[in-house]
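What follows is the residue order along each chain.
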Amino acid sequence: MNGYTHMIVGGLSGAIPVAISIAEKKFGFSIGSQHVYYPLIGVLPAVAGSLGPDIDLPNSKGGRAVRLFLKSAITLFGALSLSLAVYLCFIDKLIRPVNVLFPVLAVFTLVCLIRLLLPIAQHRKGTHSGLALLIILLPIIYIIGYISANLLVNILFSMWLGFCIGWTSHLFADTFNRKGVPWLYPLDGKFYHIANIVTGSKRERTFRKVCVVVFCAAYLAILVFV
Ligand SMILES: [Zn+2]
């Protein structure tokens, strides 16, 4: 599917929790023992996340945006976090080095690794797999398990969860493509698809319209029955 279709499906998917929050008359949902997901904060990240898996396409909207983001993140995040870690550990001496340096270096290495692997990533392989989806869900598990909740953490948590919703919507939308999605890659290289829509075709435009109708029906059902 093209970027336009993914952004629409991503936004529509991110709006499902918004409909539930309106039906239940509350701003956020508790996740785990202390964290809260704010659906309204998650909608725009869901649109961004819906472009994420196409980072393996150098000329796609998602590819260009994510590459630029990763380059800036490596430079900015690397410089800022390493100076902060050095300050906290060796000058301020408030925190034991291992408590700061390990997570900072782990994230920094991960970002560098993703950037290095991008040029050799094959389209619709790694980033379109269930494994990639599990990897981008890891920060959610980490936050729930190890980070105490406060308003800022919950806002970041909501943004990341929204991003994950968008990413998931991309994989489902591409499953309607003729080429399909390698859900089980690298365990199994088979591409799974449930329809034969060709990217950029009239069928894709129809698919977008059907999605809008189906999601609107879902919002209505949520508002009536939840
Ligand atoms: Zn894709």
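A short tour of the structure in this document, coming up. Fair warning: this is a prediction, and the values are worked out from it, not measured in the lab.

Observations regarding the environment of Pro 17
Relative to the helices and strands, Pro 17 is located in helix 1 (residues 3–23). According to the relative accessible area criterion, Pro 17 is buried, its value standing at 14%.

Section: the coordination of the zinc ion
For the zinc ion, every protein donor is listed as Asp 54 (OD), His 128 (NE2), His 170 (NE2) and Asp 174 (OD), and the spread of their distances is 2.1 to 2.4 Å. Coordination at the zinc ion comes from four donor atoms whose angles at the metal span 89 to 175°, giving a geometry best classed as irregular. The sequence motif formed by the donor residues of the zinc ion is D-x73-H-x41-H-x3-D. With a gap of 46 residues between them, His 128 in the loop between helix 4 (97–117) and helix 5 (130–146) and Asp 174 in helix 6 (residues 151–174) connect regions that are remote in the sequence. Of the two residues, His 128 and Asp 174, both sit in the buried class.

Quick word on the pattern of salt bridges
Applying the stated rule across the entire model yields one salt bridge. With a shortest N-O distance of 3.3 Å, Glu 24 and Lys 26 are connected by a salt bridge. By relative accessible area, Lys 26 is classed as partly exposed at 41%.

Side note on a nonpolar patch on the surface
The grouping of Ile 22, Leu 220, Leu 223, Val 224 and Phe 225 at the surface amounts to a nonpolar patch, some 570 Å² of accessible area in total. Of all the elements, helix 7 (residues 202–225) adds the most residues to the nonpolar patch, at four residues. Within the secondary structure, Leu 223 sits in helix 7.

Here is what the cut-offs are and how they apply
- Residues numbered from 1 in each chain as written.
- Predicted model: local features only at pLDDT ≥ 70, side-chain atom pairs only at ≥ 80, totals over all residues.
- Heavy atoms only, no water.
- Helix = DSSP H or I, 4+ residues; strand = E, 2+ residues; numbered from the N terminus.
- Buried < 20%, exposed > 50% of the residue type's maximum accessible area, 1.4 Å probe, protein only.
- Donors = N, O, S within 2.8 Å, 3.2 Å for Na, K, Ca; no water.
- Tetrahedral: all angles 85-135°; square planar, octahedral: opposite > 155°, others 65-115°.
- Salt bridge = Lys/Arg side-chain N within 4 Å of Asp/Glu carboxyl O.
- Patch = residues over 30% accessible without salt bridge, like charges linked within 9 Å, V, L, I, M, F, W, Y side chains within 5 Å.
- Areas by Shrake-Rupley, 256 points an atom, 1.4 Å probe, with all protein chains shown as cover.

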